[in-house]
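Each chain, written out:
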Amino acid sequence: MNSIIMDIKKNFKTGNSLTKLIYINVGIFLFFSILHVLSFLFMINPNKFFNHFTLHSSLPILLKNPWTIISYMFLHQSFIHLLFNMLWLYFGGQIFLTFFDNKKLISTYLLGGICGAFLFVFSFNLFPVFKASLPTAMALGASASVLAIIMAIATKSPDYSIRLFLIGNIKLKH
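Below: a short report on this structure. (Residues numbered from 1 in each chain as written. Predicted model: local features only at pLDDT ≥ 70, side-chain atom pairs only at ≥ 80, totals over all residues. Heavy atoms only, no water.)

1. Notes on the overall build of the chain
Across its full length, the chain holds eight helices and four strands. Going residue by residue from the N terminus, the α and β elements of the chain occur as α-α-α-β-α-α-α-α-β-α-β-β. Along the first, second and third principal axes, the C-alpha atoms of the chain reach 50 × 45 × 35 Å. Going through the 174 residues of the chain one by one, you find that 32% of them count as buried. Counted over contacts in the chain with a minimum sequence separation of 6, partners at least 24 positions apart contribute 66%. (Helix = DSSP H or I, 4+ residues; strand = E, 2+ residues; numbered from the N terminus. Buried < 20%, exposed > 50% of the residue type's maximum accessible area, 1.4 Å probe, protein only. Contact = heavy atoms within 4.5 Å.)

2. A closer look at helix H6 (residues 79-99)
In this model H6 runs 30 Å from its N-terminal to its C-terminal C-alpha over 21 residues, within 8% of the 30 Å that 1.5 Å per residue would give. When the local axis directions of H6 are compared, the greatest deviation, roughly 25°, occurs at glycine 93. Three or more residues of H6 are buried, namely Leu82, Asn85, Met86, Leu89, Gly92, Gly93, Ile95 and Phe96. Where H6 is buried, its residues touch helix H2 (17-41), helix H7 (102-126), helix H8 (143-156) and strand S3 (161-164). (Expected span 1.5 Å × (residues − 1). Bend = angle between axes of the 7 residues up to and from the residue.)

3. Comments concerning the packing of aromatic side chains
Taken as a whole, this structure holds nine aromatic pairs when the rule is applied. Judged by centre distance (4.3 Å) and plane angle (25°), the rings of phenylalanine 124 and phenylalanine 130 are stacked. The class for phenylalanine 124 is buried, based on a relative accessible area of 14%. The class of phenylalanine 130 is partly exposed, set by a relative accessible area of 28%. Through a chain of ring-to-ring contacts, the aromatic side chains of Phe31, Phe32, Phe50 and Phe53 assemble into a single cluster. (Phe/Tyr/Trp six-rings, centres within 6.5 Å; stacked < 30°, edge-to-face > 60°.)

Structure (structure tokens):
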């Protein structure tokens, strides 16, 4: 067990920004999972803690918790949610790093998440169809950040081919 922890520390220190982003996302997921179990055992509402870090669509709540514009992109609802976001991040990040540097990966991840947050809040406050769910709607997950990385790759090199299982080669622009 000790060697696993030492390997993780070593990979975090020596790894690129992609590795660090994945470790941070997984670490935060594990932290909140443990917190969820402890809150269950002590009969405390687990959402009491979790909701302070998710992005709320309601502007008054968002103004009370402005850090959620960043924190929501590191939270995940379930293991499957985390798994698929991290798979997309890993494979997209590997391609991204062939065209750009580590600093641009971090900035694209953060700016993509911030733009996703503003789009989420703007949409829920602008369109009347969301009025009923406005006070309770929340966003979480790295999807906006990961899609920003994928879009950056597709914009930089639209003819870049990737091989999809059972489908074959496909260009990013398609």
